[in-house]
Amino acid sequence: MAHRLALDDQRMETIMGRLLQVGVLLASAVVLAGGFLYIRAHLGSIVNYRTFAGEPAALRSVRGLFRLLMTGDPAAVIQVGVILLIATPVARVVFAVVGFALERDKLYVAVSVTVLAVLMASLIYSI
Amino acid sequence: MRRISGFAIGHLAALPVLTFTLLVFAGSLAAGLLGALTGLGGGVVLVPLLTVVFHVDIRYAIGASLISVIATSSGAAAAYVREGFSSVRIGMFLEIATTIGAIFGAFLATRMPTRVLGITFGVVLLYSAWLSWRQTRFHESEAVRVSPWSDRLRLSGSYPDRSGGECSYKVDRISAGFATMFGAGTLSGLLGIGSGAVKVLAMDRIMRIPFKVSTTTSNFMIGVTAAASAGIYLHRGYVDPGLAFPVMLGVLAGSLLGAKLLVRAQVSLLRSIFTVVILALGVEMIVNGWVGRL
């Protein structure tokens, strides 16, 4: 039937819901793996989050993170999971742009592109 | 190191990694569970838990909380969608306001003294406690006036009613709702919470969107709002991997468990307990912020 192939708001939301779930599942798996490695590597040490020092520069940028990941740093694995998690809602907005374009709803393509632009601006500003 | 509240609880500031991780995971699980059962979200109790009980610097707490907020919003998404209430258009339209607000909030957070952050958080907690107290008696408002922009912006929609039919609705006071959403985004970016209560307030009370549509659409919006400020926090070094991982996994597990238990739970009792807890935490955060202990 034709209407089963067509994309309406209801179907779009179902796909978005799945997209978000898969993203969270993936991110959680990476964070969990990184967490185990992290505990194993720091088993003897004492934590102190009382004083704020900020994370080392390598953990704050994508390039630095990639370099750390190559050395098998557990903290870097967790941060990759965190980035995957942040990327999940962004992917939802990207999907909305595509979805509204398929629905030929120009107004909401513009609305979703605006949201995407704001998200991108914050990400680019922070890199 | 300052030890002002250094009784038994003070020792939680310096623990071996494994113990600390397990305690934070358990605390986050409880926060996520209560947050899901009461509909207030885990972040609102998580940040005071980390700062007041575990003596974590409020900036680390906000960073970890924000990450957990994205996880819970996205993790619960499919369940909400199945109900068929949420509106992708209203959500996307209002996300313009919440994302810009979130960036503004994160910008403010990196410039505000931590004691001001603490006091602001305390005030938000007291307000949440008050809202939670009144929750049982919300009015089902009859939409009398309708903004002409509701149709022009294609915000009008419908949702399934109990008899299997469709119940249509229109949206009122769009600019006021939009402005409130900017405020919700700012709070989210500033304090690392989902600010679901403010989002529902903007949609349900101001824009007169049906309650079920408001709450489910709010859940969808929370993740996108939080993502807008998460990059800034990550870049500023507020997201510590060792803290973020038990918090994120704990809150996520707790909220998924909470969603399952919701059917059988004694929500009114839980809500009363939760109200007292956040009231106490709110007062504690204001006092701590006031005397500069955060």
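The rules behind the values
Residues numbered from 1 in each chain as written. Chains lettered and ligands numbered in written order. Predicted model: local features only at pLDDT ≥ 70, side-chain atom pairs only at ≥ 80, totals over all residues. Heavy atoms only, no water. Core = buried A, V, L, I, M, F, W, Y, C linked by side-chain atoms within 4.5 Å. Buried < 20%, exposed > 50% of the residue type's maximum accessible area, 1.4 Å probe, protein only. Contact = heavy atoms within 4.5 Å. Salt bridge = Lys/Arg side-chain N within 4 Å of Asp/Glu carboxyl O. Helix = DSSP H or I, 4+ residues; strand = E, 2+ residues; numbered from the N terminus. Phe/Tyr/Trp six-rings, centres within 6.5 Å; stacked < 30°, edge-to-face > 60°. Lys NZ or Arg CZ within 6 Å of the ring centre and 35° of its normal. Pairing = 2+ DSSP bridges. UniProt positions renumbered as here; feature names shortened; annotations may be inferred.

Notes on the nonpolar core
- Core analysis: the biggest nonpolar cluster contains 117 residues, and F20(B), L50(B), V56(B) and L243(B) have the highest contact counts within it.
- In this structure, V56(B) is in contact with Y49(A), F20(B), L50(B), T51(B), A61(B) and L243(B), ignoring residues within four places of it in sequence.

Here we look at the pattern of salt bridges
- Tallied over the entire structure, the rule returns eight salt bridges over all chains.
- Here D9(A) ties to R89(B) by a salt bridge, and the two come within 2.6 Å at their closest N and O atoms. Within this pair, whereas D9(A) is found in helix α2 (residues 9-41), its partner R89(B) is found in helix α4 (residues 88-109), the two belonging to separate chains.
- The partner of R154(B) in a salt bridge is D105(A), and the shortest N-O contact between them spans 2.4 Å. Highlighted residues: R154(B) in the loop between α6 (149-152) and β1 (157-160) and D105(A) in the loop between α4 (74-102) and α5 (106-126), drawn from two different chains.
- Relative accessible area serves as the criterion here: at 4%, D105(A) is assigned to the buried category.

Quick look at the packing of aromatic side chains
- Tallied over the full model, the rule gives 13 aromatic pairs over all chains.
- Cation over ring: R89(B) sits above Y108(A), and NZ or CZ is 5.3 Å from the ring centre.

Topic: the environment of L66(B)
Residues and elements named next belong to chain B.
- Structurally, L66 can be placed in helix α3 (residues 58-83).
- Classification of L66 by relative accessible area gives buried; the value is 0%.
- As for L66 and Y233, which are separated by 167 residues in sequence, their C-alpha atoms are 8.8 Å apart.
- Each residue touching L66, except ones within four places of it in the same chain, is listed here: S188, G192, I193, A226, S229, A230 and Y233.

Structural notes on the pairing of strand β2 (residues 166-169) of chain B
- The pairing of β1(B) with β2(B) spans four bridges and is classified as antiparallel. Across the sheet, residue S158(B) finds its bridge partner in β2(B), namely S168(B).

A word on the UniProt feature "transmembrane region" (unreviewed entry) in chain B
- Those residues carrying the UniProt feature "transmembrane region" (unreviewed entry) are residues 29-53, 60-81, 87-109, 116-133, 178-198, 219-236, 242-262 and 269-291 of chain B in this numbering.
- A helix fraction of 96% and a strand fraction of 0% characterise residues 269-291 of chain B, whose end C-alpha atoms lie 34 Å from each other.

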